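# Fold and contact review
If you want the building blocks of each chain, they are given just below.
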Amino acid sequence: MSYTLSHGKALDVTGVGLDATDLGPIGSGPVDPRAWFAPHDDRPIELEIGSGKGAFLLRQATAQPLVNYVSIEYARAFWRYTADRMRRHGLSNVKLVYVEAGAFVRQYCPGHVFRTVHIYFPDPWPKKRHHKRRLIQAPFLEHLHHVLTHTRDATVRITTDHAEYFQWMVEASAPVSALFDREPYEPDTSAPTGELAGTNFERKYRDQGRPFYAMVLRKRV
Ligand SMILES: C[S@@+](CC[C@H](N)C(=O)[O-])C[C@H]1O[C@@H](n2cnc3c(N)ncnc32)[C@H](O)[C@@H]1O
(Lines give C-alpha, C1' and ligand atoms only; values in the text may rest on other atoms or scores of the structure.)
Protein backbone atom coordinates (compact mmCIF):
# COMPACT_ATOMS: atom_id res chain seq x y z
CA MET A 1 0.00 0.00 0.00
CA SER A 2 1.11 3.56 -0.65
CA TYR A 3 0.32 6.64 1.41
CA THR A 4 1.95 9.23 -0.89
CA LEU A 5 -0.45 11.95 -2.13
CA SER A 6 -3.22 10.27 -0.17
CA HIS A 7 -2.84 12.06 3.18
CA GLY A 8 -2.47 8.79 5.06
CA LYS A 9 -5.29 6.94 3.32
CA ALA A 10 -4.41 3.54 1.83
CA LEU A 11 -4.47 3.37 -1.96
CA ASP A 12 -5.81 0.36 -3.83
CA VAL A 13 -5.24 0.04 -7.58
CA THR A 14 -7.01 -3.32 -7.95
CA GLY A 15 -8.87 -3.74 -11.22
CA VAL A 16 -7.62 -0.42 -12.68
CA GLY A 17 -3.83 -0.25 -12.27
CA LEU A 18 -1.53 -2.21 -14.57
CA ASP A 19 2.25 -2.35 -14.29
CA ALA A 20 5.29 -4.24 -15.57
CA THR A 21 3.77 -7.54 -14.42
CA ASP A 22 0.92 -7.06 -16.87
CA LEU A 23 3.07 -5.73 -19.72
CA GLY A 24 5.94 -8.21 -19.49
CA PRO A 25 9.59 -7.33 -20.06
CA ILE A 26 10.46 -4.88 -22.85
CA GLY A 27 10.97 -6.88 -26.03
CA SER A 28 8.53 -9.59 -25.00
CA GLY A 29 6.16 -8.49 -27.75
CA PRO A 30 3.01 -6.45 -28.15
CA VAL A 31 0.26 -6.36 -25.56
CA ASP A 32 -3.17 -5.49 -26.95
CA PRO A 33 -4.81 -2.87 -24.68
CA ARG A 34 -8.25 -3.74 -26.08
CA ALA A 35 -8.08 -7.12 -24.31
CA TRP A 36 -7.91 -5.35 -20.92
CA PHE A 37 -11.57 -4.35 -21.36
CA ALA A 38 -13.08 -7.75 -22.22
CA PRO A 39 -15.95 -8.41 -22.70
CA HIS A 40 -16.24 -4.76 -23.89
CA ASP A 41 -13.09 -4.95 -25.98
CA ASP A 42 -14.88 -3.89 -29.17
CA ARG A 43 -15.58 -0.35 -27.93
CA PRO A 44 -13.59 2.69 -29.13
CA ILE A 45 -10.46 3.19 -27.09
CA GLU A 46 -8.53 6.38 -26.31
CA LEU A 47 -5.11 7.00 -24.78
CA GLU A 48 -4.09 9.69 -22.30
CA ILE A 49 -0.38 10.30 -21.71
CA GLY A 50 0.52 11.81 -18.33
CA SER A 51 -2.62 11.46 -16.23
CA GLY A 52 -1.25 13.34 -13.22
CA LYS A 53 -3.98 13.40 -10.57
CA GLY A 54 -6.62 12.33 -13.10
CA ALA A 55 -9.08 15.25 -13.22
CA PHE A 56 -9.50 15.02 -17.01
CA LEU A 57 -9.68 11.24 -17.01
CA LEU A 58 -12.32 11.11 -14.29
CA ARG A 59 -14.61 13.57 -16.05
CA GLN A 60 -14.06 12.21 -19.56
CA ALA A 61 -14.48 8.51 -18.67
CA THR A 62 -17.59 9.30 -16.65
CA ALA A 63 -19.08 11.30 -19.54
CA GLN A 64 -18.23 8.58 -22.10
CA PRO A 65 -19.05 5.23 -20.45
CA LEU A 66 -19.09 3.43 -23.81
CA VAL A 67 -15.52 4.49 -24.64
CA ASN A 68 -12.52 2.73 -23.06
CA TYR A 69 -9.63 4.81 -21.69
CA VAL A 70 -6.01 3.80 -21.21
CA SER A 71 -4.01 6.37 -19.28
CA ILE A 72 -0.25 6.22 -18.91
CA GLU A 73 1.73 7.63 -16.03
CA TYR A 74 5.40 7.05 -15.21
CA ALA A 75 5.42 8.69 -11.77
CA ARG A 76 4.48 5.86 -9.43
CA ALA A 77 2.85 8.08 -6.80
CA PHE A 78 0.52 9.67 -9.39
CA TRP A 79 -0.19 6.29 -10.98
CA ARG A 80 -1.28 4.83 -7.65
CA TYR A 81 -3.26 7.92 -6.63
CA THR A 82 -5.16 8.13 -9.92
CA ALA A 83 -5.78 4.38 -10.28
CA ASP A 84 -7.24 4.37 -6.76
CA ARG A 85 -9.36 7.43 -7.64
CA MET A 86 -10.80 5.71 -10.75
CA ARG A 87 -11.47 2.50 -8.77
CA ARG A 88 -13.35 4.42 -6.07
CA HIS A 89 -15.53 5.96 -8.79
CA GLY A 90 -16.28 2.50 -10.17
CA LEU A 91 -15.01 3.30 -13.68
CA SER A 92 -14.76 -0.05 -15.43
CA ASN A 93 -13.81 1.70 -18.71
CA VAL A 94 -10.43 2.93 -17.39
CA LYS A 95 -7.00 1.30 -17.06
CA LEU A 96 -4.04 3.18 -15.58
CA VAL A 97 -0.69 1.88 -16.83
CA TYR A 98 2.56 2.46 -14.95
CA VAL A 99 4.95 2.76 -17.89
CA GLU A 100 7.00 5.33 -19.79
CA ALA A 101 5.00 6.59 -22.77
CA GLY A 102 7.78 6.17 -25.35
CA ALA A 103 8.34 2.56 -24.29
CA PHE A 104 4.61 1.90 -24.41
CA VAL A 105 4.06 3.14 -27.97
CA ARG A 106 7.38 1.76 -29.30
CA GLN A 107 7.64 -1.61 -27.56
CA TYR A 108 4.25 -2.74 -26.35
CA CYS A 109 1.34 -1.30 -28.28
CA PRO A 110 0.23 -2.85 -31.58
CA GLY A 111 -0.79 -0.56 -34.43
CA HIS A 112 -4.20 0.96 -35.17
CA VAL A 113 -5.66 0.77 -31.64
CA PHE A 114 -6.46 4.26 -30.33
CA ARG A 115 -9.01 6.66 -31.78
CA THR A 116 -7.61 9.62 -29.82
CA VAL A 117 -4.40 10.42 -27.95
CA HIS A 118 -4.76 13.10 -25.24
CA ILE A 119 -1.57 14.86 -24.10
CA TYR A 120 -2.36 17.69 -21.72
CA PHE A 121 0.40 19.87 -20.28
CA PRO A 122 3.37 17.57 -20.91
CA ASP A 123 6.46 18.49 -18.89
CA PRO A 124 8.15 21.41 -20.75
CA TRP A 125 11.76 20.67 -19.68
CA PRO A 126 12.67 24.36 -20.18
CA LYS A 127 16.48 24.05 -19.87
CA LYS A 128 18.15 23.55 -23.25
CA ARG A 129 20.21 20.61 -22.03
CA HIS A 130 16.94 18.86 -21.05
CA HIS A 131 15.12 19.43 -24.35
CA LYS A 132 15.96 15.89 -25.42
CA ARG A 133 13.63 14.68 -22.62
CA ARG A 134 10.62 16.43 -24.16
CA LEU A 135 7.87 14.01 -25.04
CA ILE A 136 6.82 15.67 -28.29
CA GLN A 137 9.48 14.86 -30.88
CA ALA A 138 9.06 13.84 -34.53
CA PRO A 139 9.91 10.12 -33.94
CA PHE A 140 7.42 9.98 -31.06
CA LEU A 141 4.72 11.49 -33.31
CA GLU A 142 5.51 8.79 -35.88
CA HIS A 143 4.86 6.15 -33.21
CA LEU A 144 1.59 7.86 -32.26
CA HIS A 145 0.60 7.78 -35.93
CA HIS A 146 1.19 4.02 -35.86
CA VAL A 147 -0.95 3.34 -32.75
CA LEU A 148 -3.83 5.55 -33.94
CA THR A 149 -6.70 3.88 -35.79
CA HIS A 150 -6.63 4.25 -39.54
CA THR A 151 -9.72 6.44 -39.52
CA ARG A 152 -10.50 10.07 -40.32
CA ASP A 153 -11.43 10.79 -36.67
CA ALA A 154 -8.02 9.69 -35.35
CA THR A 155 -6.35 12.63 -33.61
CA VAL A 156 -3.63 13.67 -31.17
CA ARG A 157 -4.78 16.48 -28.86
CA ILE A 158 -2.11 18.58 -27.15
CA THR A 159 -2.19 21.56 -24.76
CA THR A 160 0.58 23.46 -23.02
CA ASP A 161 1.13 26.72 -21.13
CA HIS A 162 4.70 26.96 -22.42
CA ALA A 163 5.12 29.18 -25.52
CA GLU A 164 8.60 27.93 -26.39
CA TYR A 165 7.60 24.27 -26.03
CA PHE A 166 4.57 24.95 -28.23
CA GLN A 167 6.85 26.37 -30.92
CA TRP A 168 9.01 23.24 -30.50
CA MET A 169 5.88 21.11 -31.03
CA VAL A 170 5.01 23.01 -34.21
CA GLU A 171 8.54 22.34 -35.48
CA ALA A 172 8.43 18.69 -34.39
CA SER A 173 5.23 18.18 -36.34
CA ALA A 174 6.70 19.68 -39.55
CA PRO A 175 8.77 16.60 -40.53
CA VAL A 176 5.69 14.41 -40.07
CA SER A 177 3.34 16.70 -42.00
CA ALA A 178 2.77 13.87 -44.48
CA LEU A 179 1.25 11.88 -41.58
CA PHE A 180 -0.87 14.55 -39.87
CA ASP A 181 -2.86 17.67 -40.67
CA ARG A 182 -2.54 20.31 -37.97
CA GLU A 183 -5.89 21.79 -36.95
CA PRO A 184 -7.19 24.30 -34.41
CA TYR A 185 -8.02 22.85 -31.02
CA GLU A 186 -11.61 22.54 -29.86
CA PRO A 187 -12.17 21.71 -26.15
CA ASP A 188 -13.13 18.18 -25.21
CA THR A 189 -16.87 17.68 -24.83
CA SER A 190 -16.31 16.89 -21.15
CA ALA A 191 -14.31 20.09 -20.50
CA PRO A 192 -16.02 22.57 -18.20
CA THR A 193 -17.07 25.81 -19.93
CA GLY A 194 -14.08 27.99 -20.71
CA GLU A 195 -11.50 25.23 -20.20
CA LEU A 196 -9.46 23.35 -22.80
CA ALA A 197 -9.39 19.94 -21.12
CA GLY A 198 -10.06 20.54 -17.44
CA THR A 199 -6.87 19.02 -16.04
CA ASN A 200 -5.35 19.77 -12.64
CA PHE A 201 -2.45 21.66 -14.25
CA GLU A 202 -4.77 23.68 -16.47
CA ARG A 203 -6.64 24.90 -13.40
CA LYS A 204 -3.47 25.74 -11.53
CA TYR A 205 -2.06 27.65 -14.51
CA ARG A 206 -5.38 29.40 -15.16
CA ASP A 207 -5.36 30.69 -11.57
CA GLN A 208 -1.85 32.03 -12.26
CA GLY A 209 -3.13 33.81 -15.40
CA ARG A 210 -0.87 31.92 -17.78
CA PRO A 211 -1.64 31.80 -21.53
CA PHE A 212 -2.46 28.49 -23.20
CA TYR A 213 -1.51 26.95 -26.52
CA ALA A 214 -3.09 23.91 -28.10
CA MET A 215 -3.23 21.91 -31.30
CA VAL A 216 -4.90 18.92 -32.87
CA LEU A 217 -2.97 16.62 -35.20
CA ARG A 218 -5.38 14.69 -37.40
CA LYS A 219 -4.08 11.46 -38.91
CA ARG A 220 -4.03 11.52 -42.68
CA VAL A 221 -5.76 8.48 -44.09
C1 LIG B 1 2.90 18.52 -16.05
S2 LIG B 1 2.13 17.01 -15.58
C3 LIG B 1 0.49 17.16 -16.31
C4 LIG B 1 -0.49 16.18 -15.71
C5 LIG B 1 -1.93 16.29 -16.26
N6 LIG B 1 -1.97 15.97 -17.67
C7 LIG B 1 -2.48 17.67 -16.02
O8 LIG B 1 -2.56 18.46 -16.96
O9 LIG B 1 -2.81 17.94 -14.86
C10 LIG B 1 2.86 15.81 -16.67
C11 LIG B 1 2.56 14.40 -16.24
O12 LIG B 1 3.01 13.50 -17.24
C13 LIG B 1 3.77 12.47 -16.65
N14 LIG B 1 4.75 12.09 -17.66
C15 LIG B 1 5.69 12.91 -18.19
N16 LIG B 1 6.42 12.27 -19.12
C17 LIG B 1 5.93 11.01 -19.18
C18 LIG B 1 6.27 9.86 -19.94
N19 LIG B 1 7.28 9.91 -20.83
N20 LIG B 1 5.57 8.73 -19.75
C21 LIG B 1 4.54 8.70 -18.86
N22 LIG B 1 4.18 9.75 -18.10
C23 LIG B 1 4.85 10.89 -18.26
C24 LIG B 1 4.38 13.10 -15.40
O25 LIG B 1 4.72 12.15 -14.42
C26 LIG B 1 3.26 14.03 -14.95
O27 LIG B 1 2.33 13.37 -14.11
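Before any of the text, the structure's been laid out above.
For the structure given in this document, a descriptive report is provided here. (Residues numbered from 1 in each chain as written. Predicted model: local features only at pLDDT ≥ 70, side-chain atom pairs only at ≥ 80, totals over all residues. Heavy atoms only, no water.)

### Points about the nonpolar core
Formed by 41 residues in total, the largest nonpolar core has its most connected members in Trp-36, Ile-49, Phe-104, Phe-114, Ile-119, Leu-144 and Val-156. Among the elements of the structure, strand 2 (45-49), strand 3 (68-73), helix 4 (101-108), strand 5 (116-120), helix 5 (138-147), strand 6 (155-160), helix 6 (163-173) and strand 8 (213-219) are those that each provide at least two residues to this core. With near-sequence residues (within four places) excluded, Trp-36 lies in contact with Leu-18, Leu-23, Val-31, Val-70, Lys-95, Val-97 and Phe-104. (Core = buried A, V, L, I, M, F, W, Y, C linked by side-chain atoms within 4.5 Å. Buried < 20%, exposed > 50% of the residue type's maximum accessible area, 1.4 Å probe, protein only. Helix = DSSP H or I, 4+ residues; strand = E, 2+ residues; numbered from the N terminus. Contact = heavy atoms within 4.5 Å.)

### Remarks on the packing of aromatic side chains
Tallying each qualifying case throughout the model produces seven aromatic pairs. With a centroid separation of 5.6 Å and an interplanar angle of 25 degrees, the aromatic rings of Phe-166 and Tyr-213 are classed as stacked. Of the two residues, Phe-166 sits in helix 6 while Tyr-213 sits in strand 8, which places them 47 residues apart along the sequence. Using a relative accessible area of 25% as the deciding quantity, one classes Tyr-213 as partly exposed. Above the face of the Trp-125 ring, Arg-133 is positioned so that its terminal group lies 4.8 Å from the ring centre. Positioned over the ring face of Tyr-185 is Arg-157, at 4.4 Å from the centre of the ring. (Phe/Tyr/Trp six-rings, centres within 6.5 Å; stacked < 30°, edge-to-face > 60°. Lys NZ or Arg CZ within 6 Å of the ring centre and 35° of its normal.)

### A closer look at helix 6
Residues of helix 6 that are buried include every one of Tyr-165, Phe-166, Met-169, Val-170, Ala-172 and Ser-173, and no others. One side of helix 6 holds all its buried residues, which, seen down the axis, span an arc of 165 degrees. Its buried side turned inward, helix 6 meets helix 5, strand 6, strand 7 (180-183) and strand 8. (Arc of directions from axis to C-beta.)

### Remarks on the site of the ligand
Within the structure, the ligand sits among 18 residues, and Gly-50, Glu-73, Glu-100, Tyr-120 and Thr-199 are positioned closest to it. Between an oxygen atom of the ligand and a side-chain N or O atom of Glu-73, the distance comes to 2.4 Å. Tyr-74 places a main-chain nitrogen or oxygen 3.2 Å from a nitrogen atom of the ligand. The fraction of the free accessible surface of the ligand (590 Å²) that becomes covered by protein chains is 92%. Spatially, the ligand is embedded in the largest pocket. Elements with a contribution of two residues or more to the shell around the ligand: strand 3 and helix 7 (200-207). Residues belonging to the shell around the ligand are distributed by class as follows: ten nonpolar, five polar and three charged. (Near = heavy atom within 4 Å. Polar contact = N/O pair within 3.5 Å; in protein donor to acceptor, adjacent residues only side chain to side chain. Areas by Shrake-Rupley, 256 points an atom, 1.4 Å probe, with all protein chains shown as cover. 1 Å grid on protein atoms, 1.4 Å probe; cavity = no way out; pocket = protein on both sides within 12 Å on 5 of 7 lines; lining within 4 Å. Sits in = over half its atoms within 2 Å of the grid points. Nonpolar A, V, L, I, M, F, W, Y, C, P; charged D, E, K, R; others polar.)

### Notes on the packing of helix 2 (residues 55-63) against helix 3 (residues 76-88)
The description of two packed helices rests on the angle between their axes and on the distance between the axes. Running from N to C, helix 2 and helix 3 cross one another at 25 degrees; their axes reach a closest spacing of 10 Å. On the basis of their axis angle, the class for helix 2 and helix 3 is roughly parallel. For helix 2 against helix 3, the interelement crossing comes out right-handed. On helix 3, the residues that touch Ala-55, Leu-57 and Leu-58 of helix 2 are Thr-82, Arg-85 and Met-86. A per-class count over the contact of helix 2 with helix 3 returns four nonpolar, one polar and one charged. (Axes fitted to C-alpha atoms, helices over the stretch in contact; angles between N-to-C directions. Parallel < 35°, antiparallel > 145°, perpendicular 65-115°, else oblique. Left-handed = near helix turned anticlockwise from the far one by under 90°.)

### Notes on unusual backbone geometry
Here the amide bond leading from Ala-38 into Pro-39 is cis, since omega sits at 10 degrees, within 30 degrees of zero. As for its position among the elements, Pro-39 is in the loop between helix 1 (20-23) and strand 2. Backbone geometry at His-112 places phi at a positive 60 degrees, although glycine is not the residue there. On the secondary structure map, His-112 appears in the loop between helix 4 and strand 5. The backbone of Trp-125 shows a phi angle near 40 degrees, a positive value even though the residue is not glycine. Assignment of secondary structure puts Trp-125 in the loop between strand 5 and helix 5. On the accessibility criterion, Trp-125 (24% relative accessible area) is partly exposed.

### Some thoughts on the environment of Pro-192
Turning to its location among the elements, Pro-192 is positioned in the loop between strand 7 and helix 7. Separated by 133 residues in the primary sequence, Pro-192 and Arg-59 have C-alpha atoms spaced 9.4 Å apart. When residues no more than four places from it in sequence are discounted, the contact partners of Pro-192 are Arg-59, Gly-198 and Arg-203.

### Quick look at the pairing of strand 5
Within strand 5, five of the five residues are buried, which leaves it mostly tucked inside the rest of the structure. The side-chain alternation of strand 5 yields two buried faces, one formed by Thr-116, His-118 and Tyr-120 and the other by Val-117 and Ile-119. Where strand 5 and strand 6 come together, five bridges link them in parallel fashion. Looking across to strand 6, one finds that His-118 is bridged to Arg-157. The β-α-β motif built from strand 5, the intervening helix 5 and the parallel element strand 6 has right-handed crossover chirality. (Pairing = 2+ DSSP bridges. Right-handed = clockwise from strand over helix to strand, strands pointing away.)

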